[in-house]
Amino acid sequence: MVREARTEDLDAILELYLDLHEDSIPEHDQHLQDTWDQIVNDPDHHLIVNEVDGRIVSSCVCVIIPNLTRSVRPYAFVENVVTHKDFRKRGFARECLDFARDIARRENCYKMMLLTGSKESSTLRFYEGAGYNSSDKTAFIQWL
């Protein structure tokens, strides 16, 4: 079942992120709680999860960004696409991305952008199969 994250999903999402690029779960302190509260209460920040038998197995984030160009239409940014290693290649991430696309369409976005750090051809084909392309824009990253 694909849905938006709820307040009680924090621990499950942090555990899932160990299959993304995290090597530990952050300390449960006030900063973590404030950040989580900000995420779940922001109407433009959509943390999407896919749940199987009560377990969150896949997720992505879709943020709607207001914009002054393209007839003042917003755009969507997708990040943190992850599926638990035991549940990959079953369509769970694709369902999350489809849910994100539905949100972007509902919000009248003119485009969606997604960045990946992966160079794996299977991962890149997965994103292409989900409707993304790597030929329209060039991405640059500056790590802070």
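(A) Looking closely at the pairing of strand E3 (residues 55-65). Here E3 lies mainly inside the structure; eight of its eleven residues are buried. Note that strand E2 (residues 45-52) and E3 share eight bridges and pair antiparallel. Residue pairing across strands places histidine 45 opposite valine 63, the latter belonging to E3. Following E2, the chain reverses through two residues before pairing antiparallel with E3; aspartate 53 in that reversal takes a positive phi of roughly 50°. As defined by bridge partners, E3 adjoins strand E4 (residues 75-83) across seven bridges and the pair is classed as antiparallel. Across the sheet, serine 58 pairs through a bridge with threonine 83, a residue of E4.

(B) A look at the pattern of salt bridges. Scanning the entire structure with this criterion turns up six salt bridges. When the shortest N-O distance is used, the salt bridge between glutamate 51 and arginine 3 registers 3.2 Å. Taken together, the residues glutamate 51 in strand E2 and arginine 3 in strand E1 (residues 2-4) connect sequence positions 48 residues apart. For glutamate 51, a relative accessible area of 17% corresponds to the buried category. The class for arginine 3 is buried, based on a relative accessible area of 7%. With a shortest N-O distance of 3.2 Å, aspartate 98 and arginine 101 are connected by a salt bridge. Here aspartate 98 pairs with arginine 101, and both are found in helix H3 (residues 92-106), just three residues apart, close to one helical turn. For arginine 101, a relative accessible area of 25% corresponds to the partly exposed category. Each of Arg3, Asp9 and Glu51 takes part in one network of salt bridges that share partners.

(C) Here's a closer look at a positive patch on the surface. A contiguous patch of positive charge on the surface is contributed by Arg55, Lys85, Arg88, Lys89 and Arg125. Positionally, arginine 125 belongs in helix H4 (residues 121-129).

(D) Quick peek at the layout of surface pockets. Of the pockets and cavities examined, the largest pocket occupies roughly 1600 Å³. As for the largest pocket, its lining consists of 47 residues, and the residues nearest its centre are Leu114, Leu115, Thr116, Thr123 and Tyr127. Mapped by element, the contributors of at least two residues to the lining of the largest pocket are E4, H3, strand E5 (112-114) and H4. What the second largest pocket holds in volume is close to 400 Å³. In terms of lining residues, the second largest pocket is bounded by 18 residues, among which Leu14, Tyr17, Leu32, Thr35 and Ile39 are the most central. Within the residue set of the lining of the second largest pocket, elements represented by two or more residues are helix H1 (10-16), helix H2 (30-41) and E2.

(E) Seen up close, the side chain of aspartate 9. On the secondary structure map, aspartate 9 appears in the loop between E1 and H1. Here arginine 3 takes part through its side chain, which lies 2.7 Å from a polar atom of the side chain of aspartate 9. Apart from the residues within four sequence positions on either side, aspartate 9 is in contact with Arg3, Trp36 and Ile56.

Conventions adopted
- Residues numbered from 1 in each chain as written.
- Predicted model: local features only at pLDDT ≥ 70, side-chain atom pairs only at ≥ 80, totals over all residues.
- Heavy atoms only, no water.
- Buried < 20%, exposed > 50% of the residue type's maximum accessible area, 1.4 Å probe, protein only.
- Helix = DSSP H or I, 4+ residues; strand = E, 2+ residues; numbered from the N terminus.
- Pairing = 2+ DSSP bridges.
- Salt bridge = Lys/Arg side-chain N within 4 Å of Asp/Glu carboxyl O.
- Patch = residues over 30% accessible without salt bridge, like charges linked within 9 Å, V, L, I, M, F, W, Y side chains within 5 Å.
- Areas by Shrake-Rupley, 256 points an atom, 1.4 Å probe, with all protein chains shown as cover.
- Lys, Arg positive; Asp, Glu negative; His and termini not counted.
- Charge placed at Lys NZ, Arg CZ, Asp CG, Glu CD.
- 1 Å grid on protein atoms, 1.4 Å probe; cavity = no way out; pocket = protein on both sides within 12 Å on 5 of 7 lines; lining within 4 Å.
- Points joined across faces, edges and corners; volume = space filled by probe spheres on them.
- Polar contact = N/O pair within 3.5 Å; in protein donor to acceptor, adjacent residues only side chain to side chain.
- Contact = heavy atoms within 4.5 Å.

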